[in-house]
Amino acid sequence: MNVPAVADRIAQMVVKLTFEPCVEPYFLPDSYGYRPNKSALEAVGITRQRCWQYDWLVEYDIRGLFDNLDQSLLLKAVKKHTDNKWVILYIERWLKAPVQLPDGSLQGRDRGVAQGSVISPVLSNLFLHYVFDIWMKKRHPTTPWRRYADDGLAHCKTQREAQELLTELRQRFEDCGLELHPDKTKIVYCKDGSRKGKYPNTKFNFLGYCFRTRLVKNSKRNSMFLSFTPAVSKEALKSMRAATRKWNFRNRTDLSLKDIAKIYNPILRGWIGYYGKYCPSGLYPVFRHFNHTLKAWVMHKYKRFKGHKTRAGIFLERVSKKEPNLFAHWKIGMIGAFA
């Protein structure tokens, strides 16, 4: 992977600010990734609604988009949207720039865009705008779809329709020099309480959320029912717990409890704001793990609690009752058990 130098990143930002307004008006509403005024949560919400309306879904993932994107097709698309010679010149130079291998040698390339570069998201979006978005609009105008970068979804009424669409998509991407990831591309049955039958795939992950059948509450009728709906995915939970371990504040005896809250509350609020939008109770394992780490910190910090998990837990319970707003998850009632 080529990591752009600071000067290159500045130049790419100038080109991005010049070129993006040329293509942004042409991008379709259901394209979400790396676009101004488009949020991942918005895409999750619309996906939830459409899963309620359509029984079947095609989930696709492009294998190595940034490495395998056809540069000649991309440059053709770039020139379609701008005649600015210096913008075209710089984009072509960045695309053709050789990659430095681990042994220091340089390898030329005629495919792909540099990952991590400022301009790459705009260019990949432009490429997929023609490869997928416009193609879907022309070939399947009544099929709702959604794309976030190289992850895409399309909703179908029947299994047969989904199978035919997936076959067409494989061929479409192959014709454009791309391949669908065999493990991450599948047909999903959006099963809920009223949809019957057994099928191999009845859940999928999208933007950190896992969509599957869940027992949810009807607040108006005060009853429970099965619904196909999103909650934080196992992978996202694992990542957040790993982040808590990496911070290692359990051993930071130089900090006070208020110091820990001040440092990590912005991150906790971010998790709550994103993953707590749908089925917030799914975050309990993360905050329970965070609280257990706080308990370990108490045992390291204070000699009287060393080796006494129960007493350390009782101490934190008292603090949480006295200062329920100290930590972001305490504030919304996700205190959990300290024992």
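In this convention, every chain numbers its residues from 1, walking through the sequence in written order. Per-residue local features of the predicted model are confined to residues with pLDDT of at least 70, and side-chain atom pairs are confined, for both listing and counting, to 80 or more; whole-chain, interface and lining totals are unaffected and use all residues. Side-chain numbers come from the whole structure's heavy atoms, not from hydrogens or water.

Peer 1: Please explain the overall build of the protein as it appears in this structure.
Peer 2: Every helix listed is a DSSP run of H or I at least four residues long, and every strand listed is a run of E at least two residues long, numbered separately from the N terminus. When helices and strands are counted, the protein shows 12 helices and nine strands. If you line up the protein on its principal axes, its C-alpha atoms span 70 × 55 × 35 Å. Each residue gets one of three labels from its accessible area relative to the maximum for its type: buried under 20%, exposed over 50%, partly exposed in between, using a 1.4 Å probe on protein chains only. Counting over 339 residues, the protein shows a buried share of 47%. Accessible surface for the protein amounts to roughly 18300 Å². Of this, 52% is attributable to carbon and sulfur atoms. Charge separation in the protein, taken as the distance between the mean sites of 59 positive and 30 negative side-chain charges, equals 12 Å. Residue burial considers only the protein chains on display, and all accessible areas are found by Shrake-Rupley using a 1.4 Å probe. None of His or the chain ends enter the tally, which takes Lys and Arg as positive and Asp and Glu as negative. All charge positions are set by atom: Lys at NZ, Arg at CZ, Asp at CG, Glu at CD.

Peer 1: Quick question: what am I supposed to make of helix H5 (residues 85-96) here?
Peer 2: Every α-helix carries 3.6 residues per turn, so stepping three or four residues along brings you back to the same face. By this rule the span expected of a helix is its residue count minus one, scaled by 1.5 Å. When the terminal C-alpha atoms of H5 are compared, their 16 Å separation across 12 residues agrees well with the 16 Å that a helix rising 1.5 Å per residue should span. Three or more residues of H5 are buried, namely Val 87, Ile 88, Ile 91, Trp 94 and Leu 95. Each buried residue of H5 sits inside an arc of 135° when the element is viewed along its axis, so together they form one side. Facing away from the buried surface of H5 by more than 90 degrees, the exposed residues are Lys 85 and Arg 93. Throughout, the arc means that of the directions going from the helix axis to the C-beta atoms.

Peer 1: What should I look at first to understand the sheet that holds strand S8 (residues 209-218) in this one?
Peer 2: Note on sheets: strands pair through backbone hydrogen bonds, and any given pair is parallel or antiparallel. In space, the three strands of this open sheet follow the order S7-S8-S9, with antiparallel pairing throughout. On the outer flanks of this sheet lie strand S7 (204-206) and strand S9 (223-232), each paired with one strand and no other. The average undirected angle you get between the axes of adjacent strands in this sheet is 55°. Note: two strands are recorded as paired if DSSP finds a minimum of 2 bridges between them. Bridging between S7 and S8 involves three bridges; their strand directions are antiparallel. Within the sheet, the bridge partner assigned to Asn 205 lies in S8 and is Cys 210. Whenever a helix is involved, its axis is fitted only over the stretch in contact; in every case the axis is a line through C-alpha atoms, and angles between N-to-C directions fall within 0 to 180 degrees.

Peer 1: Help me out: how do you make sense of the packing of helix H1 (residues 6-23) against helix H6 (residues 120-139) in this one?
Peer 2: Helix packing geometry: the angle between the two helix axes and the distance between the axes. Direction vectors running N to C along H1 and H6 enclose 20°, while the axes themselves pass 10 Å from each other. Taken together, H1 and H6 sit at an angle that is classed as roughly parallel. Classified by chirality, the crossing of H6 by H1 is left-handed. Contact with H1, carried on its side by Lys 16, Phe 19, Glu 20 and Val 23, involves Val 122, Leu 123 and Leu 126 of H6 and no other residues of that element. The residue makeup of the contact of H1 with H6, split by class, is five nonpolar, no polar and two charged. Oblique is the label for any angle not covered by the other classes, which are roughly parallel (under 35 degrees), roughly antiparallel (over 145) and roughly perpendicular (65 to 115). Left-handed is the label given to a crossing in which the near helix is rotated counterclockwise from the far helix by less than a right angle, and right-handed is the label when the rotation is clockwise. Two residues qualify as a contact provided that any one of their heavy atoms is within 4.5 Å of a heavy atom in the partner residue. Charged means Asp, Glu, Lys or Arg here, nonpolar means Ala, Val, Leu, Ile, Met, Phe, Trp, Tyr, Cys or Pro, and polar covers whatever is left, Gly included.

Peer 1: What am I meant to see in the side chain of Asp 133 here?
Peer 2: Within the secondary structure, Asp 133 sits in helix H6. Apart from the residues lying within four places of it in its own chain, the contact partners of Asp 133 are Leu 28, Ser 31, Leu 128, Trp 145 and Arg 147.

Peer 1: How should the environment of Trp 297 be read in this particular structure?
Peer 2: With respect to the helices, strands and loops of the structure, Trp 297 is situated in helix H10 (residues 284-301). Excluding residues that lie within four positions of it along the chain, Trp 297 makes contacts with Phe 249, Arg 250, Arg 252, Thr 253, Leu 255, Ser 256, Leu 257, Ile 260 and Tyr 302.

Peer 1: When you look at the pattern of salt bridges in this model, what are you seeing that I'm missing?
Peer 2: One side chain can pair with another of opposite charge once the charged atoms of both are near each other. Basic side-chain nitrogens of Lys or Arg form a salt bridge, by our definition, when they fall within 4 Å of a carboxyl oxygen of Asp or Glu. The full count for this structure, using the stated rule, is 12 salt bridges. Here Arg 252 ties to Asp 254 by a salt bridge, and the two come within 2.8 Å at their closest N and O atoms. In this structure Arg 252 comes out as partly exposed when scored by relative accessible area, which is 34%. Look at the salt bridges and you will find they share partners, linking Asp 55, Asp 192 and Arg 195 into a network.

Peer 1: Teacher, can you tell me more about H10 here?
Peer 2: Spanning 18 residues, H10 covers 25 Å between terminal C-alpha atoms, matching the ideal 26 Å at 1.5 Å per step. For H10, every residue scored as buried is listed here: Val 286, Phe 287, His 289, Phe 290, Asn 291, Thr 293, Leu 294, Lys 295, Ala 296, Trp 297, Val 298 and Met 299.

Peer 1: How do you make sense of the nonpolar core when you look at a structure like this?
Peer 2: Nonpolar side chains in soluble globular proteins tend to end up buried together. Here, nonpolar core means buried Ala, Val, Leu, Ile, Met, Phe, Trp, Tyr and Cys residues that are tied together by side-chain atoms lying within 4.5 Å of each other. Among the nonpolar cores identified, the biggest contains 48 residues, and Phe 204, Met 240, Leu 257, Ile 260, Phe 287, Leu 294 and Phe 327 are the most heavily contacted of them. Setting aside residues no more than four positions away along its own chain, Phe 287 makes contact with Leu 268, Trp 271, Ile 272, His 329 and Met 334.

Peer 1: Would you explain the packing of H1 against H5 in this entry?
Peer 2: Direction vectors running N to C along H1 and H5 enclose 135°, while the axes themselves pass 10 Å from each other. If you check the angle between H1 and H5, you find them oblique. Classified by chirality, the crossing of H5 by H1 is left-handed. Residues Asp 8, Ala 11, Gln 12, Val 14, Val 15, Thr 18 and Phe 19 of H1 touch H5, and the partners they reach there are Trp 86, Val 87, Tyr 90, Ile 91 and Trp 94. Taken together, the residues that form the contact of H1 with H5 break down as nine nonpolar, two polar and one charged.

Peer 1: Hey, could you run me through the pairing of strand S4 (residues 145-148) in this one?
Peer 2: Across a regular strand the side chains alternate sides, sitting on one face of the sheet and then on the other. Sheet analysis places S4 next to strand S5 (residues 151-156), joined by four bridges and oriented antiparallel. Considered in S5, the bridge of Arg 146 is made with Leu 153. Between S4 and S5, which pair antiparallel in sequence order, lie two residues; one of them, Ala 149, sits at a positive phi of approximately 60°.

Peer 1: Where do I start with the sheet that holds S4 in this structure?
Peer 2: Read across the open sheet, the four strands follow the order S4-S5-S1-S6; overall the sheet is antiparallel. Both outer strands of the open sheet, S4 and strand S6 (186-189), are each paired with one neighbouring strand and no more. Adjacent strand axes in the sheet meet at a mean angle of 20°, parallel and antiparallel pairs treated alike. As judged from the four bridges shared by strand S1 (residues 56-61) and S6, these two strands associate in the antiparallel manner. Directly across from Leu 57, in S6, lies its bridge partner Val 188. Each of S1, S4 and S5 touches H6; the most contacted strand, S4, lies at about 170° to it.

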